[in-house]
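# Structural overview for review
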Amino acid sequence: MRKAQDEKSKGQPRQLSGVSNGSGPTLKTKEDMVRYRDNLRKVLPSSKNTTTTNQQTPKKPTTISTPTRCASHKNTLPRPTPGAGTYRLAVTNRPKLAFESQSRHRTDLLDSSLFEEHGTQCHGQTTHDEREIVVGLDFGTSSVKVVIGDSALGYAFAVPFTTGTGIARYLLPCCLYRTDELYSLHQGSQVYRDLKLALVANPTERTFQEPVIAFLAFVIRHARNWLLREHRDKYHDTHIFWKLRIGLPVAHRLDEQLSPIFEKLARIAWLVAGSTGPITRPSIRRAEERHEALLAGPEQMTEHEDIDVDVVPEIAAQIYGFVNSNRFDRKARNLYLIMDVGAGTVDSSLFRVNPARGGKWDFEFFTSAVEPNGVMNLHRHRINWWQEALQANAKCRGLVSCWDDLKFPTDRELAIPDCYTGYFQGIEVDFNDTRNTPDRVFFGTVLNQVSTNTYMKAWQTGLLEGQLLKDIPTFYCGGGTRMLFYDHLRDRLRADANLSWFGLKPHRIELPSGLEAPGLKRDDYDRLTVAYGLSFLEVGKIVKAIPEPKLRIPPTMTWRDNYADKDYC
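Since this is a predicted model, take the numbers as computed values, not measurements. (Residues numbered from 1 in each chain as written. Predicted model: local features only at pLDDT ≥ 70, side-chain atom pairs only at ≥ 80, totals over all residues. Heavy atoms only, no water.)

It is characteristic of soluble globular proteins that their nonpolar side chains tend to be buried jointly. Membership of the largest hydrophobic core comes to 59 residues, with the highest contact counts inside it found for Leu 137, Phe 139, Val 146, Leu 176, Phe 215 and Trp 242. Mapped onto this core, the elements with two or more residues apiece are strand E2 (129-139), strand E3 (143-150), helix H2 (195-201), helix H3 (206-230), strand E9 (238-248), helix H6 (258-273), helix H7 (281-296) and strand E10 (308-313). Per element, the largest residue contribution to this core is 13 residues, and it comes from H3. Not counting the four nearest positions on each side in its chain, Leu 137 is found in contact with Val 144, Lys 145, Val 146, Leu 216, Val 219, Ile 220, Leu 244, Arg 245, Ile 246, Gly 247 and Leu 534. Core analysis: the second largest hydrophobic core is formed by 53 residues, Val 91, Ala 389, Leu 399 and Leu 447 among them. (Core = buried A, V, L, I, M, F, W, Y, C linked by side-chain atoms within 4.5 Å. Buried < 20%, exposed > 50% of the residue type's maximum accessible area, 1.4 Å probe, protein only. Helix = DSSP H or I, 4+ residues; strand = E, 2+ residues; numbered from the N terminus. Contact = heavy atoms within 4.5 Å.)

The following block contains the structure:
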């Protein structure tokens, strides 16, 4: 095998205690950290029960499950804290939804034949060139993005999937259909959503593996055929050696079980994409059998089956456009923090990047966290709160039937409201303590992930000194960062008076000149950073940092230290 809209004042997040541009006492001990974390908890909802006029009752953590899916996928969602203060509801005679309840635009896919053809080359019997082409596949929770890189040309091509405009043109919703044995991206009697989340939660279950294989096979077919058709003039006499790079969150990439499974499924999907005919359950089974045969006897591999697959940390790929630009100083400390807000999760990591030999890049990850704090889980958290708040109100019973349809699809393309109060007309909410609003509860969870579990954790665990963490360049990426809700994090994390070194300095990843993506706005490029980086990045070492030992060997020793002085004899 070849190695080849702003939130109303009542619900707006309150500033962290002591947050300012000034400086305060430096925290030098773990006791200082405990005091600081106690201050941080003041902005989070209180867990103490209070006498209320409308008290929330404790519930078990809910699970993300799509009614139309074969099986449920377990993933704990943040919940409004039980007994977290009083609120008053004022309901008119005709309350109604105040936002678009449909989850998706009726955007048409491009030419369906691109999903059906299975070729890997466009040259004739003779060729005059050989070239390595890399398919960078960003398999997200809500959508897939693909960029194909040609390092010899120095160009990358963003692959369009729909007839939409702007960034929507390059987003393929992660939604799959099946009728009997036949899979489709258009329609079917059964619909699969949460493809990635379901697989991550149940990586060894074939029930969740097969839909992922089918979906990736459609994506691969489309990407290859689009390139060979739209850029035939570049490759009509060139033999292409294909490479497939797929991204995973850092924590998942370092998972010894999950990463190999994604690689395996990507290889099988490549085989399915190269087979003739429609994508069916039998064709997937045949590809699985063929994959096992090739493992046992790689010499059987044909040219169309030859594929080099790499699983790469998404955050490493995201920062590629920056480290490969003139803004990157190879001699600097090169510590960075990235927060990627997706539909299902927020992925945050603190890491160091260094250039290595052969044009490769080494990554050392100090902390990383992947938590269900993404946009659609914020949406579900709000819907859960509204369900509890309105369930005893007779005027609102007519709204119950739409709740499940509102909260489950993660492939939603339409924006959700900027604030929980924007979901209904004719209903007003007044909290005695605005720290207990559903948005404040969820915001506290996200803040804790990035500030405590990612940024400060590196200092708390002894991985990095505090001064090294001052003004860390920080990149805010993902579609969720366009929401005012998540954008508040930029200001909240700039500084804190209790930590002289605390501060994340926002940076922007610029649109690279070598990316061809007609209609893409500069401000939307961050949606394609992972796919672009995957199409070019050559990863060297990926290591997980460990704390410095508590007991250190003395820095200087002489030969006399190994012998007893004569005075002791």
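Next up on the list: helix H12 (residues 438-460). Of all the bends in H12, the largest measures some 30° and sits at Asn 448. Backbone geometry just downstream of H12 places Gly 462 in the positive-phi region, at approximately 80°. (Bend = angle between axes of the 7 residues up to and from the residue.)

Time to look at the pattern of salt bridges. Counted under the stated rule, the structure contains 24 salt bridges. Ionic pairing is found between Asp 430 and Arg 88, a salt bridge with its closest N-O pair at 2.4 Å. On the criterion of sequence distance, the pair formed by Asp 430 in strand E14 (residues 424-431) and Arg 88 in strand E1 (residues 87-97) is long-range, its members being 342 residues apart. Arg 88 sits in the partly exposed class, given a relative accessible area of 44%. When the shortest N-O distance is used, the salt bridge between Arg 206 and Glu 210 registers 2.7 Å. Residue Arg 206 and its partner Glu 210 are both found in helix H3; the two are separated by 4 residues, about one turn of the helix. Several salt bridges converge on common partners, so that one network encompasses Lys 243, Arg 245, Asp 308, Asp 310 and Glu 538. (Salt bridge = Lys/Arg side-chain N within 4 Å of Asp/Glu carboxyl O.)

Of note, Leu 528 is situated in the loop between strand E17 (515-516) and helix H14 (529-536). Take Leu 528: its relative accessible area is 0%, and that puts it in the buried class.

Moving on, we come to the sheet that holds strand E7 (residues 182-184). What the 3 strands build is an open sheet, ordered E7-E6-E8; its pairing is antiparallel. Looking at the sheet topology across the chains shown, the edges are occupied by E7 and strand E8 (190-192). Neighbour-to-neighbour, the strand axes of the sheet open up by a mean angle of 30°, direction not taken into account. Sheet strands touched by H3: strand E6 (176-179), E7 and E8. Its angle to E7, the strand with the most contacts, is close to 55°. (Pairing = 2+ DSSP bridges. Axes fitted to C-alpha atoms, helices over the stretch in contact; angles between N-to-C directions.)

Attention shifts here to unusual backbone geometry. Trans is the common state for peptide bonds, and a negative phi is the common state for residues other than glycine. Phi at Asp 194 takes a positive value of approximately 55°, unusual for a residue other than glycine. Among the secondary structure elements, Asp 194 is positioned in the loop between E8 and H2. When its relative accessible area of 0% is taken as the criterion, Asp 194 is described as buried. Backbone geometry at Asp 471 places phi at a positive 55°, although glycine is not the residue there. Here Asp 471 shows up in the loop between H12 and strand E15 (472-477).

A word on the confidence of the model for the protein. Looking at the protein as a whole, its pLDDT mean stands at 80, while 77% of the residues score no less than 70. At the low end of the mean pLDDT range in the protein sits helix H1 (residues 30-41), at 49; at the high end sits H7, at 97. Note that pLDDT drops below 50 for residues 39-84; the model gives that stretch 112 contacts with residues more than four away or on any other chain. This model gives residues 549-564 a pLDDT under 50, and the stretch forms 0 contacts once residues within four places in sequence are excluded. (pLDDT = per-residue confidence, 0-100.)

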